[in-house]
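Observations on the model geometry
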Amino acid sequence: MSTPVNIAGLRQHAQRRLPRMFFDYIDGGAFSEATLRCNEVDFDALALRPQILRDVSRRDLSVSVLGQKQSLPLILGPVGFAGMFWKEGEVAANRAAAAAGIPFCLSTMSICPVKRVSASAERPVWFQSYILRDRGLSKALLDRAAACGVTVVVVTVDTAVSGLREKDVANGFRLASRLGPRAMLDLARHPSWCWQIAGRGMPLLGNFPAETGATLMSQSQRITANIDPALTWADLAELRTNWPGKLIVKGIMTADDAERALDVGADAIVVSNHGGRQLDGAPSTISVLRRIVERVAGRAEVLLDGGIRRGSQVVKALALGADAVLLGRAYAFGLAAEGEAGVSRAIEMIATEIDITLALMGFNSVAELRAAGLDAFEKTEGRP
Ligand SMILES: Cc1cc2nc3c(=O)[nH]c(=O)nc-3n(C[C@H](O)[C@H](O)[C@H](O)COP(=O)(O)O)c2cc1C
């Protein structure tokens, strides 16, 4: 297979290396995958405005998020089971993020525990959490994260119930507490993956106690079922009162919900539809960003994820007012393809594309791009 030159290439390598059920778990979306598709496609409707002869020799891609400078407008977002894509995958991703000077957000559903991941690089990790029915377990997770130096918590709020991904259903992924014969055959067809990941038995979720299950699948089923469908804004307000660090609310898709998140005291929000993995039929994140940014009006930081595979997409999100974007599948493919080197490669690919795109648009920095706002777009039908 040829050396990957873009995220699509990393995806192909990931597909080849991973057992099908793990590749499909990364790649798939809910039901008809309409939202998954429009997350990417809707970027294409926006045309960027080229500007020439403007001295773009001093380019700077750095931004500041939650008071911390970072070298690129990128964050590695929470991706569950990353340690099943590569041995110690969460450590690999964290190291790649730290080397690139950007934050890494660890998923609650990680294989490596937060203690091990946070000790693996100098830069503090962010920690993603759900509010569980078992509030004691939720609190224990946050306490442990805080004890490991975490000061930024990302609370995911778009999972009142779990979205149904039909590829996962077909593969029997997470639906049974033990793997069936088809899944076992799938694993057996990938001996190098088995050797690396499951050589000494299947790993477990690292942040949960043994009582949550004896196998990865049973643990995962139990925790997913423990996400509280009765949650309301009052629960988020309570978490805000009890969490002394920064709070990011992930999964906001309307200006009204953004307003409520600010009322509760969020320091930042993530405009996200969970990468098209939850509500199929929801709009793309890029199509709702502008309205949300206008309502937030600088009172909190606005991040975005969903469909980012190219630097030009990052540029479009920044021009529409996002402070930075989260990568999901883009780095998960890199991780599955080549471990830490693959995550670094994914970040580098997108960074290079942002750099070239900015220069050809006549901008030296993200600040200049953001100041241009809607003027960064060509006045075509696609102009927002
Ligand atoms: C394999 C996979 C696992 C994910 N696990 C989590 C998770 O544990 N917690 C969470 O808040 N979001 C999770 N997400 C959603 C991502 O954080 C992010 O919102 C989404 O991937 C962005 O879309 P993109 O992958 O198209 O960039 C996951 C996404 C993927 C692809």
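All of the points below concern the structure found in this document. (Residues numbered from 1 in each chain as written. Predicted model: local features only at pLDDT ≥ 70, side-chain atom pairs only at ≥ 80, totals over all residues. Heavy atoms only, no water.)

**Comments concerning the packing of aromatic side chains**
Under the convention used in this document: In this scheme Phe, Tyr and Trp rings, the latter by its six-membered ring, pair at centre separations within 6.5 Å, and the angle between planes marks the pair as stacked below 30 degrees, edge-to-face above 60, and tilted otherwise. Counted as over-ring charges are cases with an Arg CZ or a Lys NZ within 6 Å of the ring centre that also lie within 35 degrees of the ring normal.
Applying the stated criterion to the full structure yields seven aromatic pairs. Here the aromatic cluster, defined as three or more aromatic residues joined through ring pairs, consists of F22, Y25, F81, F85, F173 and W193. Its guanidinium or amino end placed over the ring of Y25, R277 lies 4.9 Å from that ring's centre, counting from NZ or CZ.

**Structural notes on the nonpolar core**
Within soluble globular proteins, side chains that are nonpolar tend to cluster in buried spots. How we decide: To qualify as a nonpolar core, a set must consist of buried Ala, Val, Leu, Ile, Met, Phe, Trp, Tyr and Cys residues joined through side-chain atoms within 4.5 Å. Type-normalised accessible area, obtained with a 1.4 Å probe on protein chains alone, sets the label of each residue: buried when under 20%, exposed when over 50%, and partly exposed for intermediate values. The helix count covers DSSP runs of H or I at least four residues long, the strand count covers runs of E at least two residues long, and both are numbered beginning at the N terminus. Only heavy atoms enter the contact rule, under which two residues are in contact if any of them lie within 4.5 Å.
Formed by 126 residues in total, the largest nonpolar core has its most connected members in L74, L76, F85, W126 and L289. It is helix 15 (residues 329–360) that contributes the most residues to this core, 15 residues altogether. The residues touching F85, leaving out its near neighbours within four places in the chain, are R17, L18, F22, Y25, I26, V79, G80, I197, A332, L335 and A336.

**Some points on the state of the cysteines**
Selection criterion: By disulfide we mean two sulfur atoms from cysteines, separated by a distance within 2.5 Å.
Enumeration over the complete set of coordinates arrives at zero disulfides. Between C105, a cysteine without a disulfide, and C148, which holds the nearest cysteine sulfur, the sulfur-to-sulfur distance is 14 Å. Judged by relative accessible area, C105 falls into the buried class, the value being 1%. Cysteine C112 remains unbridged, with the sulfur of C148 as its closest cysteine sulfur at 13 Å.

**A closer look at the side chain of T212**
Just so we agree on the cut-off: Pairs of N or O atoms within 3.5 Å make up the polar contacts considered here, provided that, within protein, one atom can donate a hydrogen while the other can accept it, and that residues adjacent in sequence are counted only when both atoms are side-chain atoms.
Mapped onto the fold, T212 is located in the loop between helix 9 (191–197) and helix 10 (216–226). Polar contacts involving the side chain of T212 include one to the main-chain carbonyl oxygen of P209, which spans 2.6 Å. Among residues more than four places away in sequence, those in contact with T212 are S218, Q219, R222 and I223.

**Side note on empty space enclosed by the protein**
Here the idea is plain: a probe the size of a water molecule rolls over the atoms and shows the empty space left. Definition in use: Cavity: a set of points on a 1 Å grid over the protein atoms alone where a 1.4 Å probe fits but cannot get out. Pocket: an open set with protein on both sides within 12 Å along at least five of seven lines, its lining residues, like those of a cavity, having an atom within 4 Å of a point. Grid points are joined across faces, edges and corners, and a volume is the space filled by probe spheres set on the points. Three residue categories are used. Nonpolar comprises Ala, Val, Leu, Ile, Met, Phe, Trp, Tyr, Cys and Pro, charged comprises Asp, Glu, Lys and Arg, and polar comprises the others, including Gly.
Within the structure shown, the criterion is met by one cavity of 30 Å³ or more. Considered as a void within the structure, the largest cavity measures approximately 30 Å³ in volume. L36, N39, E40, G275, G307, R309 and R329 together form the lining of the largest cavity. For the lining of the largest cavity, the element with the highest residue contribution is helix 3 (residues 34–44), accounting for three residues. Taken together, the residues that form the lining of the largest cavity break down as one nonpolar, three polar and three charged.

**Remarks on a nonpolar patch on the surface**
Convention followed: Within this analysis, patches are made of residues with over 30% relative accessible area and no salt bridge. Like charges are joined at 9 Å or less; nonpolar side chains (Val, Leu, Ile, Met, Phe, Trp, Tyr) at 5 Å or less. Method for areas: the Shrake-Rupley scheme with a 1.4 Å probe, in which residue coverage is limited to the protein chains shown. A pair is scored as a salt bridge if a Lys or Arg side-chain nitrogen falls within 4 Å of a carboxyl oxygen belonging to Asp or Glu.
Taken together, the side chains of F31, L164, V169 and L175 present a nonpolar region at the surface, about 350 Å² in accessible area. Position of F31 among the secondary structure elements: in the loop between helix 2 (20–27) and helix 3.

**Quick look at the sheet that holds strand 10 (residues 324–327)**
Here is the rule we go by: In this scheme, strands are said to pair when DSSP sees at least two bridges between them.
With parallel pairing, the eight strands of this open sheet are ordered in space as 3-10-9-8-7-6-5-4. Either end of the sheet is taken by a strand with one partner, and the two such strands are strand 3 (74–76) and strand 4 (105–106). As defined by bridge partners, strand 8 (residues 268–271) adjoins strand 9 (residues 301–304) across four bridges and the pair is classed as parallel. The residue bridging A268 from the neighbouring strand is E301, located in strand 9.

**Topic: the site of the ligand**
The following threshold applies: Nearness is judged by heavy atoms alone; a residue qualifies as near a molecule or strand once a single heavy atom is within 4 Å of it.
As a structural note, the neighbourhood of the ligand is formed by 20 residues, with P78, S107, T156, D305 and G307 the closest of them. One of the backbone N or O atoms of P78 is found 2.7 Å from an oxygen atom in the ligand. For the ligand, an oxygen atom lies 2.8 Å from a polar atom in the backbone of R329. In isolation the ligand has 610 Å² of accessible area, and contact with the protein removes 98% of it. When its residues are assigned to classes, the shell around the ligand shows five nonpolar, 10 polar and five charged.

**Describing unusual backbone geometry**
Positioned with a positive phi, F31 is a non-glycine residue whose angle comes to about 40°. What makes F31 partly exposed here is its relative accessible area of 43%. Even without being a glycine, E88 presents a positive backbone phi close to 50°. A relative accessible area of 32% places E88 in the partly exposed class.

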